[in-house]
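Overview (structure and organization)
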Amino acid sequence: MKTVTVIGSGTMGNGICHVFAQNGFNVHMMDINQGALDKAMGTIGKNMDRQVAKGTLTQEDKDASVGRIKTFTDMAEAVKDVQLVVEAATENVDLKLNIFRQLDQHCNADCILASNTSSISITKIASVTKRPGKVIGMHFMNPVPVIKLVEIINGYATDASVTETITELSKAIGKIPCSANDYPGFVANRILMPMINEAIITLQEGVASVEAIDSIMKLGMAHPMGPLQLADFIGLDTCLSILNVLHNGIGNPKYAPATLLVNMVQAGYLGAKSGEGFYKYTPGSKDIVVSERLAHIK
């Protein structure tokens, strides 16, 4: 397997491209928007420059890695003769199903189709293809170049040989693969999202402030980032989407999203990507402050 196509050039997509290219793979990065592709190439270049500055990557390796990435806006061209496609589009079930229908049509019969979904059923995604045995979940963690985990999700019909191939491939790009079966939220988000949701409910009920909740979890539980800041980093709309998948898929009211989370998403306060969530984010600055809308909770 020498060439990989990544569908989507957002935060996750460009991170996945970065990792594959850095580890010697030719990468086809596909998006419907050329401007988004150009922005993604800039992001990859800047992130690799940081690695060069830290001494973890040479300038020659950086230049070679960037040179291995080609951009495409046409899916048929992007997936021509590749052995693996990793879909990293927005966490929207209808969008993903549509992408996999197209991939099944355009890809070679032996091509493995992987999804970076963080919660949507791999079995459901595979059901819209004529190759369910070759569909698998390959859930990277953000930031992809830094975090070692790849959560590998087996759909109901995923072939054992495909699981073995993706497991070995994950190791080849410097990741640590961990397998999970296809249940709502898999493992990572089935455990993480209820914690984030409970932190939001704790804030909503006035138990403690944003800063206190995050500080208690960082100092007391040794978490590198508090749950509310982490929610901002993930995207509050993404958190809400995953909680809805858990709530609808499992049917247990404990997964129902907090009213405050629903309201913030409806109002457009999505976290770091929108400039404000539980904290406010200033472009070019690492300093963040608690949102004024929530500062009254002490």
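Residues numbered from 1 in each chain as written. Predicted model: local features only at pLDDT ≥ 70, side-chain atom pairs only at ≥ 80, totals over all residues. Heavy atoms only, no water.

Worth spelling out the cut-off: UniProt positions are given in the numbering used here, feature names are shortened, and annotations may be inferred rather than shown by experiment.
The protein goes by 3-hydroxybutyryl-CoA dehydrogenase in an unreviewed UniProt entry, where it is assigned to Flavipsychrobacter stenotrophus. Recorded in UniProt for the protein, the comment headed Sequence similarities (unreviewed entry) runs: "Belongs to the 3-hydroxyacyl-CoA dehydrogenase family."

1. With respect to the overall build of the protein
Put simply, the test is: Secondary structure counts use DSSP, requiring at least four H or I residues in a row for a helix and at least two E residues in a row for a strand, with both numbered from the N terminus. Two things to know: the radius of gyration comes from C-alpha atoms, and the globule rule equals 2.2 Å times the number of residues to the power 0.38. Partly exposed residues are those whose accessible area sits between 20% and 50% of the maximum for their type, while under 20% is buried and over 50% is exposed, using a 1.4 Å probe and protein chains only. Contact between two residues is taken to exist if any of their heavy atoms lie within 4.5 Å; hydrogens are not considered. Surface accessibility in these figures is a Shrake-Rupley result with a 1.4 Å probe; residues are shielded only by whichever protein chains are displayed. The charge count treats Lys and Arg as positive and Asp and Glu as negative. His and the chain ends do not count. Charged side chains are reduced to one point each, which is NZ for Lys, CZ for Arg, CG for Asp and CD for Glu.
In terms of regular secondary structure, the protein is built from 12 helices and 10 strands. In terms of overall dimensions, the protein is globule-like: its C-alpha atoms have a radius of gyration of 20 Å, near the 19 Å expected for 298 residues. In the protein, which comprises 298 residues, the share counted as buried stands at 46%. Within the protein, contacts between residues separated by at least 24 positions form 65% of all contacts whose residues are at least 6 apart in sequence. Summed over its atoms, the accessible surface of the protein is roughly 14200 Å², and 53% of this surface lies on carbon and sulfur atoms. Looking at the protein, you have 26 positive and 28 negative side-chain charges, and the mean spots of the two groups are 1 Å apart.

2. Looking at the environment of asparagine 26
With respect to the element layout, asparagine 26 can be found in strand E2 (residues 26-30). For asparagine 26, a relative accessible area of 37% gives the class partly exposed. The spacing of asparagine 26 and threonine 5 is 21 residues in sequence and 8.5 Å in space, taken between C-alpha atoms. Setting aside residues up to four positions removed in sequence, asparagine 26 forms contacts with Lys2, Thr3, Val4 and Arg68.

3. Let's talk about the side chain of asparagine 197
Of note, asparagine 197 is situated in helix H8 (residues 188-204). Assessed through its relative accessible area of 2%, asparagine 197 is described here as buried. Residues contacting asparagine 197, with those up to four places away along its chain left out, are Leu243, Lys254, Ala256, Pro257, Ala258 and Leu261.

4. Notes on the UniProt feature "domain: 3-hydroxyacyl-CoA dehydrogenase C-terminal" (unreviewed entry) in the protein
UniProt records the feature "domain: 3-hydroxyacyl-CoA dehydrogenase C-terminal" (unreviewed entry) for residues 185-281 in the present numbering. Its end C-alpha atoms 28 Å apart, residues 185-281 is made of 63% helix and 3% strand.

5. Focus on the UniProt feature "domain: 3-hydroxyacyl-CoA dehydrogenase NAD binding" (unreviewed entry) in the protein
In the numbering adopted here, UniProt assigns the feature "domain: 3-hydroxyacyl-CoA dehydrogenase NAD binding" (unreviewed entry) to residues 3-182. With 43% helix and 22% strand, residues 3-182 has its two end C-alpha atoms placed 27 Å apart.

6. Here we look at the packing of helix H10 (residues 227-234) against helix H11 (residues 236-250)
In plain terms, the rule: What counts as an axis is a line fitted to C-alpha atoms, over the stretch in contact for a helix, and the angles between N-to-C directions run from 0 to 180 degrees. Roughly parallel covers angles under 35 degrees, roughly antiparallel covers those over 145, roughly perpendicular covers 65 to 115, and oblique covers all other angles. Note on residue classes: Ala, Val, Leu, Ile, Met, Phe, Trp, Tyr, Cys and Pro are nonpolar, Asp, Glu, Lys and Arg are charged, and everything else, Gly too, is polar.
Running from amino to carboxyl end, H10 crosses H11 at an angle of 95°, the nearest separation of the two axes being 6 Å. Looking at the two axes, H10 sits roughly perpendicular to H11. For the pair H10 and H11, the contacting residues are Ala231, Asp232 and Ile234 in the first and Leu236, Thr238 and Cys239 in the second. Taken together, the residues that form the contact of H10 with H11 break down as 4 nonpolar, 1 polar and 1 charged.

7. Section: the pairing of strand E8 (residues 176-181)
Using the following cut-off: Two strands qualify as a pair provided that DSSP identifies no fewer than 2 bridges between them. Seen with the strands pointing away from the viewer, any crossover whose path from the first strand over the helix to the second strand runs clockwise is right-handed.
As paired strands, strand E7 (residues 149-154) and E8 are joined by 6 bridges and run parallel to one another. In the sheet register, isoleucine 153 faces E8, and the bridge partner there is alanine 180. With respect to chirality, the unit in which E7 leads through helix H7 (residues 160-172) into the neighbouring parallel E8 is right-handed.

8. Some remarks on the pattern of salt bridges
Any two side chains of opposite charge can pair, so long as their charged atoms come close to each other. Filter applied, for reference: Salt bridge, as used here, is a side-chain nitrogen of Lys or Arg placed within 4 Å of a carboxyl oxygen of Asp or Glu.
Following the criterion strictly, the structure yields 7 salt bridges and no others. The salt bridge involving glutamate 87 is made with lysine 96; its shortest N-O contact spans 2.4 Å. In this pair, the class of glutamate 87 matches that of lysine 96, namely buried. Across the pair glutamate 91 and lysine 96 runs a salt bridge whose closest N-O atoms are separated by 3.7 Å. Within this structure, Glu87, Glu91 and Lys96 form a network of salt bridges that share partners.

9. Some thoughts on H7
Cut-off, in case you're wondering: By this rule the span expected of a helix is its residue count minus one, scaled by 1.5 Å. The arc under discussion is defined with respect to the helix axis, by the directions toward the C-beta atoms.
Helix length check: H7 (13 residues) gives 18 Å between terminal C-alpha atoms against 18 Å at 1.5 Å per residue, within 8%. Where H7 is concerned, the buried positions are Val162, Thr163, Ile166, Thr167, Leu169 and Ser170. The buried residues of H7 all sit within an arc of 165° when viewed along its axis, so they share a single face. Among the exposed residues of H7, those oriented more than 90 degrees off its buried face are Ala160 and Glu164. Tucked into the core, H7 has its buried residues touching helix H1 (11-22), strand E4 (84-87), strand E5 (112-115), strand E6 (135-140), E7 and E8. Phi turns positive one or two residues past the end of H7, at glycine 174, with a value near 80°.

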